[in-house]
Amino acid sequence: MTAVAEPEAAPAPTERAARTHQRYAVWARYRQSRAGMLGLVLLLVFVLMALAYPILIRTVWSPNLYDPEFGLDLVIVDKVVVAEVADSQREVALAAAVRFNRTVQIGDTVRGSVGAGFGAAHLLGTDHVGRDILAMLLAGAGPALAIAVSAALTTAVVALTFATLGAYFRGPVDAVLSNTSNALLLLPAPLVMIIVGTSRYREVFSPVGFGVLYGLLVGGGAVAVVMRSEAFSTMSKGFIDTARASGAGSGRIIGRHLVPSLLPLASVSILVGITGAIVADAFVAFTGFGPNRFSWGTMLSWAIAFPDLNGPVPTPWNVLIAGGLAISLLAASFYLVAIGIQSAFDTPQR
Amino acid sequence: MTLVIFATILFFMADLLMPGDFVTRFTLQMNDAQLAELRNFLGLDRPLLERYVDYMAGLATGDLGLSLWGVSVSSLLWALLPWTLLVFIVAMGIAFPAGFWLGKRAAWRSGTTGSAGLTVGSVALNTTFPPLLVFILVIGVARLTSGNGMNSLHRLFLEGGLTSQTVWWMLGTIALVAVAVAAAGVVLSRMNKRLPMPVWASVFVVGPVLVWAALGVAGDAFDILVYLSLPIIAVTLLAVGEVVLVTKATTGAAAREDFVQTARAKGVAEPDIRDHHAARYAVLPTLSKLAVSVPFVFAGLMIVEVSFGWPEAGTLGLTVPGLSSMLFNSLEQRDVPVVIGGLFAIGVIMLVLRLFLDVAHAVLDPRIRYGGTEA
């Protein structure tokens, strides 16, 4: 699509000024949308988080204590030996204690370990085996953003290709493309991702691979359906006929006229679409299917799948809330930015 | 046509993606000859294309094939599908009116803090990580009720007291009432009369209950609804945010139309403009925009169903029967026909839903008249 970058006379100064002004006006309207600004701020926070992790783990944080998977910060405490553990923070089962000391009996006090918990060293605390929650949050931000960005780019390319080719060439091209979109629309994308996550190709699911596949499904399906109807109504507008009459080729009309006029709506539906990618990735990791890599979903999965081996622990709310909120807030930030863009372009102009 | 492409995508996707095949699970118990024999018996050794043609031929006659355990896929669907459908329909039945009501109010007060708060809240609901929502619900309810009521219902369910048959009856009744209401609405509008919204809503609640009582299944139906209440609440919460956001956008766009200015100039009261001019005009774009996001709500429903089966959620002793349990169990067992059948069923539901929305669109849109006598 970018192949039509034929050299063009530089825009006259006034034209350039007008364009700059237009851009500034869009930004000014975006700034008025409180939801949009909130989304931008959230997004900025997540980017900073993603940047902070590699820096911190190389400088301040010792990997032994802060690695999201293997770092354990344990505190040695005295535990009471009991027959059945009700609170693993203070008690240990006889069956477990006997393995280290054969003479131990119920009622004795032995040395045991618990997660370090809240403190200056762990601003958000640790889980029950001593993994730092803040470190897990920061470590998960990078992959999640990579998924979001790759999903967004793929969705954009696929959806715009489907919509513009269908609307421009119509006939059989449109028939094939729109039927494919409709078929893909019938299939909930997150479910497909889970199926692929259980498959022999699960290792394809690096963050970027996950994003690309999700982008193909959503871009070819839901977003393409929305964009197609918009592309059709754009094609019937006067400026397309003008361009055609002035001798523009199909590539130029699609690349220079159709795609730019679709971009505002496209960016909105793409941003809304990729919120699903973030939730789907977290869910695949959460179910325990999926590839071996760390993500916020893995974090939640550990919190539930491995309650303390020595006995029940209270529901690990600190991990559940932190991880769940991170997933939701990242998804929400994209949705809020979409609302901002929508309100910036919504007001009639020109 | 779309369905054919859909089934083709499903078939090849499932066959190519699944690691190993059904027979692989017996590798430890059998030698190679036995494995080959089993493959031959199940028809797994035939070329992919041949199986594809077979499958599509079966599909054309409504035969979804056999699970590799020997149960027919359609009987599995018959037993599990209604539960999922019931949760979905009831949740959407609550989420759509509630979301529409909230959304139009938010659009009318756009710019105020309340409206912005509602927007942010809706986005939050829409992007909540479903398993977390389920945990909060389940553990909250477990604290409130100590799980007693649910446990006895769960026992009833396991003993076969709550049957799929009853759920099918419930679904049929709801559909009947919906058709009756739609017919009554059309007749009334021909007579240029209108009933207020609360009347319709109460018909929707009272109608099914009366029919259930007449059929003698009211007790069972009530038990089923209570049993499914948590998934219904979860899905409602997940879906309502999207409805609010879409309604707010479409009603807001409608509010800028000329006819709203005209109504205002004529001195129509502001709530009347909102409800009868702007919101009524916004129903159609809302419906058509929601049609695209329905698959995502459905995916959310699947995730919710699975999350209820998670060990931690098991504190309530609640298993939610439904499509997703079937899908995920057969995923683990590489039972390809069941996976394809389940996904195909989802596709058909989505297609029926889109048809339904198209019909609703045609009925509600005064500009579209199919085969009518007057223009």
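Residues numbered from 1 in each chain as written. Chains lettered and ligands numbered in written order. Predicted model: local features only at pLDDT ≥ 70, side-chain atom pairs only at ≥ 80, totals over all residues.

J.: I'm lost on the overall build of chain A in this one. Help?
T.: The secondary structure content of chain A amounts to twelve helices and three strands. Here chain A, with 350 residues, has 45% of them falling under the buried criterion. Sequence separation of 24 or more characterises 76% of the internal contacts of chain A that already satisfy a separation of 6 or more. (Helix = DSSP H or I, 4+ residues; strand = E, 2+ residues; numbered from the N terminus. Buried ≥ 20, exposed ≤ 12 C-beta atoms within 10 Å, placed from the backbone. Contact = placed C-beta atoms within 7 Å.)

J.: Which parts of the structure should I look at to understand the environment of B:T286?
T.: Residues and elements named next belong to chain B. Position of T286 among the secondary structure elements: in helix α13 (residues 270-308). Assessed through the 23 C-beta atoms surrounding it within 10 Å, T286 is described here as buried. Expressed as a C-alpha distance, the spacing of T286 and R264, which sit 22 residues apart in the sequence, is 23 Å. Sequence-distant contacts of T286, that is, excluding residues within four places in its chain, are made with F100, V246, T247 and T250.

J.: Is there a simple way to explain the nonpolar core in this structure?
T.: Generally speaking, nonpolar side chains in soluble globular proteins are found buried as a group. The biggest cluster of nonpolar side chains holds 175 residues, and the ones touching the most others in it are A:A148, A:A159, A:Y214, A:I278, A:Y335, B:V87 and B:V235. Considering each element in turn, this core owes the most residues, 21 residues, to helix α5 (residues 133-169) of chain A. Those residues in contact with A:A148 that lie beyond four places of it in its chain are A:G211, A:I274, A:A277, A:I278 and A:F334. (Core = buried A, V, L, I, M, F, W, Y, C linked by C-beta atoms within 7 Å.)

J.: Before we go on, may I ask you to explain helix α5 (residues 113-127) of chain B in this structure?
T.: Since the α-helix advances by 3.6 residues per turn, residues separated by three or four positions end up pointing in the same direction. Over its 15 residues, α5(B) runs 21 Å from end to end, which matches the ideal 21 Å to within 8%, given 1.5 Å per residue. Within α5(B), the full set of buried residues consists of B:L118, B:T119, B:S122, B:V123, B:L125, B:N126 and B:T127. (Expected span 1.5 Å × (residues − 1).)

J.: What exactly am I supposed to notice about the environment of B:A91 here?
T.: Residues and elements named next belong to chain B. Here A91 is to be found in helix α4 (residues 73-108). Taking C-alpha positions, A91 is 8.5 Å from L237, a pair spaced 146 residues apart along the chain. When neighbours within four sequence positions are excluded, A91 is seen to be in contact with I232, V235, T236 and A239.

J.: What is the right way to look at the interface of chain A and chain B in this model?
T.: By a frequent convention, interface size equals the accessible area lost on bringing the separate parts together. Each partner contributes to the interface: chain A provides 42 residues, whereas chain B provides 39 residues. Where the side of chain A that touches chain B is concerned, the elements lending two or more residues are α2 (34-58), α6 (171-185), α7 (189-197), α8 (207-235), α10 (250-287), α11 (296-305) and α12 (317-346) of chain A. The element contributing the most residues to the side of chain A that touches chain B is α12(A), with ten residues.

J.: Just checking my understanding: could you explain the confidence of the model for chain B for this structure?
T.: All names here are of chain B. Taken as a whole, chain B shows an average pLDDT of 74; of its residues, 69% reach a score of 70 or greater. Ranking the helices and strands of chain B by mean pLDDT puts helix α11 (residues 229-255) first, with 85, and helix α7 (residues 148-158) last, with 62. With pLDDT under 50 throughout, residues 312-316 is counted as low confidence; its partners more than four residues away or in other chains account for 17 contacts. (pLDDT = per-residue confidence, 0-100.)

J.: Just checking my understanding: could you explain the packing of α4(B) against α13(B) for this structure?
T.: When two helices pack together, their arrangement is given by the angle between their axes and by how far apart the axes lie. Residue and element names in this part refer to chain B. Taken N-terminus to C-terminus, the directions of α4 and α13 make an angle of 140 degrees; their axes are 10 Å apart at the nearest point. On the basis of the axis angle, α4 is oblique to α13. With respect to the hand of their crossing, α4 and α13 are arranged in right-handed fashion. Taken together, the residues of α13 that come into contact with α4 (itself represented by T84, V87, F88, F100, K104 and W108) are R274, A279, T286, F298 and L301. (Axes fitted to C-alpha atoms, helices over the stretch in contact; angles between N-to-C directions. Parallel < 35°, antiparallel > 145°, perpendicular 65-115°, else oblique. Left-handed = near helix turned anticlockwise from the far one by under 90°.)

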